[in-house]
Amino acid sequence: MAQIIRDRVFGSFGGSRRHNKLPIPIPIPKPEPEPEPEPDRVMPVYPVEDLPNPFGELGREISDSDLRETVYEILVGACRSSGPKPLTYTPQSEKPDRSSLSSLQRSLTSSAKAALGLKQTASSKRLGTVGSSKRTGSVFELMRVQMRVSEQTDTRIRRALLRVAAGQLGRKIECMVLPLELLQHFRSLDFGTQQEYEAWQRRNLKVLEAGLLVYPHMPLDRKDTAAQQLRKIIRGALEKPMEAGKNTETMQVLRSVVMSLACRSFDGSVSDVCHWADGFPLNLRLYQKLLESCFDLNEQTSIIEELDEVLEVMKKTWVVLGINQILHNLCFAWVLFHRYVTTGQVDNDLLSASNNLLAEVQQDANATKDPAYLKIVSSTLNAILSWTEKRLLAYRKCFNSGNIEVMQNIVSLGVLSAKVLAEDISQERRRKKKEVDVPHDRVDSYIRSSIRTAFAQKLEKVGSNKRPSKSHNNHVPTLSVLAIEVSELAFSEKDIFGPVLKRWHPFATGVAMATLHSCYGDELKQFVDRISELTPDTVQVLRAADKLEKDLVQIAVEDSVDSEDGGKSIIQEMPPYEAEAVMAELAKDWIRTRVDRLKEWVDRNVQLEVWNPQANKERIAPSAVEVLRIIDDTLEAFFMLPIPMHPGLIPELKSGLDRCLQYYVSKAKTGCGTRVTFIPSMPALTRCSAGSKFHGVFKKERSHINQRRKAQVGSTNGDSLCGIPQLCVRINTLQLIRGELGVFEKRIFAHLGNLGSTQKGDFVNGMGKMFELSASACVEGIHQLCEATAYKVVFHELSHVLWDGLYNVDASSCRIEPFLQELEQFLEIISSAVHDRVRTRVITDLMKASFDGFLMVLLAGGPSRSFTQRDADIMEEDFKFLTDLFWSNGDGLPADLIDKLSTTVKDILPLYHTDTNSLIERFKRVTLENYGSSARSNLPLPPTSDKWNSNDPNTLLRVLCHRNDETAAKFLKKTYNLPKKL
């Protein structure tokens, strides 16, 4: 199996590897297809991208290949200079077989990889092919392969360095300008072709230009002639290859100006150390290419197993490149991060390793005040931060449950970069600036930005599913769907992203919920501002918003339950939508609108109502039927509203409808008059002349009484609308309304039961009587209309047979029968016209009105009526006929009711049997009882009253005034000086 893997990775090595040369570069075999990821952990595929180099661009004159070959030359030279033995060259044919290295490779350590959290690779198997018997040589050979340097190039470099060493025995690498030395010791014969040599020469000249003129260790003086001379030489050599050789004039001039520039120092002295490759950013770009050799050529995302040894060898170049540990940490962090990005972001270990190194960079930056280093740190971390924030400011686009571990490392990288950048401020600014929690603030901004982006996407998604319309009603379902989408987004945030971000932000999920709450709240506010009335669609949105808000608040509270403030700070960011309050207010507006419309309808249509008894068979006003239908429809529509606060709004709805019905009832009885309307006022008293039938007590008051009574009757709406049939329709209408009130009440409770309201019991117990105003108005209205009907019949419709006919002139000849005949006709009309539930009430009032009319004739019947004792029997007999009419042989009113209401008449009639002297004595006694001893000398005139009573002075006095005898006339003349005529 090991052989199969070896052959798969290094397929070009076949047969005897001793005699096969390693092709440069090593061919990268096509990897086997990886297994499909699990459905719930789908890894996103990112496009391969590159990043701007934070160390600075060197321009197109120096390519990556140029940098790589240059730094390899430095690496070989540094190893030669620092090694314990002189550098020697060993041909490929003399190198041992790889099998001898197996024990050596097993002994190699990987402490750097362990510290960085990087995975191991099987590169040791490859080392056997190109290895050396010595450990350092094996690692160095691995680096040659990793840097894609051919054996021919490696051999040429080593031979040149041997020539350099021969001429400068013991001289350290940092004390020479390597490109200059190589230019002096290389000739065209060392290369395969002249073109290859010229390209190599141009590359070294460009490196000299970059290191000494463009990116020097020390800034150049503009007056420095050496710099001008070097620039001229390089320009000429790039156009025409210069003559090589150590002793040529051109080379001597070149050496002079190069060494002059390379050996400058800040204090003005001439230094032994040559600065030609340690200027920023050239040194970092060269070192970057060196560090990139740590990546396996066949697995671009894997670090070679021999990382410890390779880094140890690389360290030998630091003295030439001006690299130290802190620059190494920074550069290596960038290289790891850059490799992660440019390889499609598939290896999270690279991200983790870069993150670990950034932790070292943070410590270095805090301990270092070198402005040049801090500038490089700032540029590198800004590049990293820019890349991370492109993803973190919309992390829901880039991450999911399948790659959440990657997000954790990217957040760590971004937060750490931001923290280092924030700490790179002067001590003075630090003292003045308020301390901030950079990780907290950064993650807070990531959450809010990502949530807003996700919300905008949801809004666009649900909006695109709706046809564009100018009407906001078409927008209603959008907000309902959006609430569902936002709720799903909230729960995924809680489950997937919140636990990761909580490491840096204690309220990560809560902040996300507050942001979602704010985003949806802005849309909801715009919607509510446009609402003009409550509709089912409107309620749907408000209920969806209410549910969403409860979900968001619940998640936020759960997320911050263990915090110091218990989540109060987050909840304060979530001002309530008050969706239920909006619904309630809209529902109240809905109620008020319909109540106002109903009242306007009542006001308009009651005025047009003619109370026609032929309008329908029930003899009910059509306007009332329509009012009741409107109320029924309103109740149905109210309970169809999908709102949760029906019980709380019923009192307002009931009150409004109650007022409308009360208003209708008041309009229905307006102008119909009352009992008092039809009863004439009492005339002034006069005495009756004995024996006179035509010039009695009220002779001149007769026309006055009739005129006054007619004036009072005329104050009603007239017979057209207030005739007896019309009054019956009004009575029926109020009775219908009264009955329907109970139906409405039952219907309301039935609707509440259908809603399943848990508060129904408390609501029913606290409601009291429903429709109390209209119920009371109906009772009062029916009472008024029944009385008005009865007294209108008796005192208006039958006045010609009662007031004008009964006992007029002569009691014996003007009996009650004509009145009874016509009264019976009205009884039949009323009985057939009014509802059976109020029929008894109307007939009872008619009987009461007849009894009152009978007494009015006896006691205030006007000047044409005078009675003797003999007339008393006639009166009693007529009254008996009257009561019999209402009893109707048991088919009419109950006998006990007739007896009860006839008590007053039966109390008064015996007075007409009493003789005049007895009446006078009784009158005096009663008057004294009422007025006391002061009435003995002068009897006061009792006030007029309609409360007839046999012990009432006014009643007794009126019986005396109607008594047709001399004794009564004398007493009235003497006592009150009543005139015989008015």
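Residues numbered from 1 in each chain as written. Predicted model: local features only at pLDDT ≥ 70, side-chain atom pairs only at ≥ 80, totals over all residues. Heavy atoms only, no water.

**Notes on the overall build of the chain**
What the chain contains, in helices and strands, is 43 helices and zero strands. Out of the 982 residues in the chain, the part that is buried amounts to 52%. Pairs at least 24 residues apart make up 79% of the contacts formed inside the chain by residues separated by at least 6 positions. Surface summary for the chain: the accessible area is close to 45,700 Å², and the carbon and sulfur share equals 50%. (Helix = DSSP H or I, 4+ residues; strand = E, 2+ residues; numbered from the N terminus. Buried < 20%, exposed > 50% of the residue type's maximum accessible area, 1.4 Å probe, protein only. Contact = heavy atoms within 4.5 Å. Areas by Shrake-Rupley, 256 points an atom, 1.4 Å probe, with all protein chains shown as cover.)

**With respect to the packing of helix α8 (residues 178-185) against helix α11 (residues 249-262)**
Following both chains from N to C, one finds α8 and α11 inclined at 170°, their axes separated by 11 Å at the closest point. Considering the angle they form, α8 stands roughly antiparallel to α11. Of the residues in α11, those in contact with Leu 180, Glu 181, Leu 183 and Gln 184 of α8 are Met 251, Leu 254, Arg 255, Val 258 and Met 259. Its residues assigned to classes, the contact of α8 with α11 shows six nonpolar, one polar and two charged. (Axes fitted to C-alpha atoms, helices over the stretch in contact; angles between N-to-C directions. Parallel < 35°, antiparallel > 145°, perpendicular 65-115°, else oblique. Nonpolar A, V, L, I, M, F, W, Y, C, P; charged D, E, K, R; others polar.)

**Notes on the pattern of salt bridges**
Side chains that carry opposite charge are capable of pairing whenever their charged atoms lie near each other. Applying the stated criterion across every chain, the model contains 39 salt bridges. Across the pair Arg 629 and Asp 633 runs a salt bridge whose closest N-O atoms are separated by 2.4 Å. Residue Arg 629 and its partner Asp 633 are located together in helix α27 (residues 622-640), separated by four residues, close to a single helical turn. Judged by its relative accessible area of 36%, Asp 633 is partly exposed. (Salt bridge = Lys/Arg side-chain N within 4 Å of Asp/Glu carboxyl O.)

**Notes on the environment of Pro 894**
As for its placement among the helices and strands, Pro 894 is situated in the loop between α37 (871-887) and α38 (895-901). The class of Pro 894 is partly exposed, set by a relative accessible area of 42%.

**Describing the side chain of Asp 878**
With respect to the element layout, Asp 878 can be found in helix α37. Once residues within four sequence positions are removed from consideration, Asp 878 is found in contact with Leu 806, Tyr 807, Arg 815, Ile 816 and Phe 854.

**Brief notes about the packing of helix α36 (residues 836-860) against α37**
A pair of packed helices is captured by two measures, namely the crossing angle of their axes and the spacing between those axes. For the pair α36 and α37, the least separation of the axes is 11 Å and the interaxial angle reads 170°. Here α37 runs roughly antiparallel to α36, going by the angle between their axes. Along the contact surface, α36 presents Ile 843, Leu 846, Met 847, Ser 850, Phe 851, Phe 854 and Leu 858, while α37 presents Met 875, Asp 878, Phe 879, Leu 882, Thr 883 and Phe 886. A breakdown of the residues in the contact of α36 with α37 according to their chemical character gives ten nonpolar, two polar and one charged.

**Points about the confidence of the model for the chain**
Of the residues in the chain, 81% have a pLDDT of 70 or more, and the chain-wide mean is 82. Scored below 50 in pLDDT, residues 1-43 makes 50 contacts in the model with residues more than four places away or belonging to other chains. (pLDDT = per-residue confidence, 0-100.)

**Some remarks on the packing of aromatic side chains**
With the rule as written, the count across this model stands at 22 aromatic pairs. Ring geometry for Phe 744 versus Phe 771: centroids 6.1 Å apart, planes at 50°, classification tilted. With Phe 744 in helix α32 (residues 724-755) and Phe 771 in the loop between α33 (760-767) and α34 (772-797), this residue pair connects regions lying 27 residues apart in the sequence. By relative accessible area, Phe 771 is classed as buried at 1%. In this structure an aromatic cluster arises from ring pairing among Tyr 807, Phe 851, Phe 854, Phe 867, Phe 879 and Tyr 912. Taking NZ or CZ as reference, Arg 339 lies 4.0 Å from the ring centre of Phe 295, over its face. One residue, Lys 599, lies across the ring of Tyr 663, its end atom 4.2 Å from the ring centre. (Phe/Tyr/Trp six-rings, centres within 6.5 Å; stacked < 30°, edge-to-face > 60°. Lys NZ or Arg CZ within 6 Å of the ring centre and 35° of its normal.)

**A look at the environment of Ala 165**
With respect to the secondary-structure elements, Ala 165 resides in helix α7 (residues 151-167). For the pair formed by Ala 165 and Gly 77, sequence separation is 88 residues and the distance between their alpha carbons is 9.7 Å.

**Considering α36**
Along its 25 residues, α36 runs 35 Å from first to last C-alpha, staying within 8% of the 36 Å computed at 1.5 Å per residue. In terms of burial, α36 is largely enclosed, as 18 of its 25 residues are buried. Phi for Gly 862, located one or two positions after α36, is positive at around 95°. (Expected span 1.5 Å × (residues − 1).)

**Observations regarding unusual backbone geometry**
A cis amide bond, omega 0°, links Phe 280 with the succeeding residue Pro 281. The topology assignment puts Pro 281 in the loop between α11 and α12 (282-291). We note that Arg 619 has phi near 55°; this positive angle belongs to a residue other than glycine. Within the secondary structure, Arg 619 sits in the loop between α26 (579-608) and α27. Judged by relative accessible area, which is 27%, Arg 619 ranks as partly exposed. Phi at Ser 888 takes a positive value of approximately 55°, unusual for a residue other than glycine. In this fold, Ser 888 is placed in the loop between α37 and α38.

**Quick look at the environment of Asn 400**
Relative to the helices and strands, Asn 400 resides in the loop between α18 (395-398) and α19 (404-423). For Asn 400, a relative accessible area of 30% translates into the label partly exposed. Spatially, the C-alpha atoms of Asn 400 and Phe 497 are 8.1 Å apart, while their sequence positions differ by 97 residues. Engagement of the side chain of Asn 400 in a polar contact is seen with the backbone nitrogen of Gly 402, the distance being 2.7 Å. (Polar contact = N/O pair within 3.5 Å; in protein donor to acceptor, adjacent residues only side chain to side chain.)

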